[in-house]
Amino acid sequence: MFDIQLESIERELDVDLGGETLEIEFAFSRTGCRGHARVSIEADSVTTTEIVPFGMSDLHLAFAALAEQTKAWRIEMT
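Residues numbered from 1 in each chain as written. Predicted model: local features only at pLDDT ≥ 70, side-chain atom pairs only at ≥ 80, totals over all residues. Heavy atoms only, no water.

**Describing the confidence of the model for the chain**
Here comes step 1: Overall, the predicted model of the chain reaches an average pLDDT of 94, with 99% of residues at or above 70.
Here comes step 2: Highest mean pLDDT in the chain belongs to helix H1 (residues 51-69) (97); lowest belongs to strand S1 (residues 3-14) (94). (pLDDT = per-residue confidence, 0-100. Helix = DSSP H or I, 4+ residues; strand = E, 2+ residues; numbered from the N terminus.)

Here's what the structure looks like:
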């Protein structure tokens, strides 16, 4: 199991999108592996109470896609 912590939430102006985004950063770790992941959501698409749940959902979707994409990289130890 990974230990996952909310690190930060920052509001930023996204020039390309022409609006504000919320940058939600998570830290994760377990024995032998640790890292940070940042997800972005449009600031006007969520309420204050929805920021973290939407960030968690986007983090899940990103890691699920990453796991699927890298499935062939797995080495089975026997």
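**Some words on the side chain of Glu23**
Here comes step 1: Here Glu23 is to be found in strand S2 (residues 19-30).
Here comes step 2: It turns out Glu23 is buried and unbridged, and the closest side chain with the opposite charge, Arg38, is 4.2 Å from it.
Here comes step 3: For Glu23, the side chain forms a polar contact with the side chain of Ser40, separated by 2.5 Å.
Here comes step 4: For Glu23, the contacting residues outside a window of four places in its chain are Ser8, Ile9, Glu10, Glu12, Arg38, Val39 and Ser40. (Buried < 20%, exposed > 50% of the residue type's maximum accessible area, 1.4 Å probe, protein only. Lys, Arg positive; Asp, Glu negative; His and termini not counted. Salt bridge = Lys/Arg side-chain N within 4 Å of Asp/Glu carboxyl O. Polar contact = N/O pair within 3.5 Å; in protein donor to acceptor, adjacent residues only side chain to side chain. Contact = heavy atoms within 4.5 Å.)

**As for the packing of aromatic side chains**
Here comes step 1: Counted according to the given criterion, the structure contains 2 aromatic pairs.
Here comes step 2: Here Phe2 and Phe28 contribute two aromatic rings whose centre-to-centre distance is 5.9 Å and whose plane-to-plane angle is 75°, an arrangement assigned as edge-to-face. Within this pair, whereas Phe2 is found in the segment before S1, its partner Phe28 is found in strand S2, the two being separated by 26 residues in sequence.
Here comes step 3: Ring geometry for Phe28 against Phe63: centres 5.4 Å apart, planes inclined by 85°, an arrangement best described as edge-to-face. Pair noted here: Phe28 is in strand S2 and Phe63 is in helix H1, with a separation of 35 residues, a long-range link.
Here comes step 4: Exposure remark for Phe28: the relative accessible area of 16% places this residue in the buried category.
Here comes step 5: Taken together, the ring pairs in this structure connect Phe2, Phe28 and Phe63 into an aromatic cluster. (Phe/Tyr/Trp six-rings, centres within 6.5 Å; stacked < 30°, edge-to-face > 60°.)

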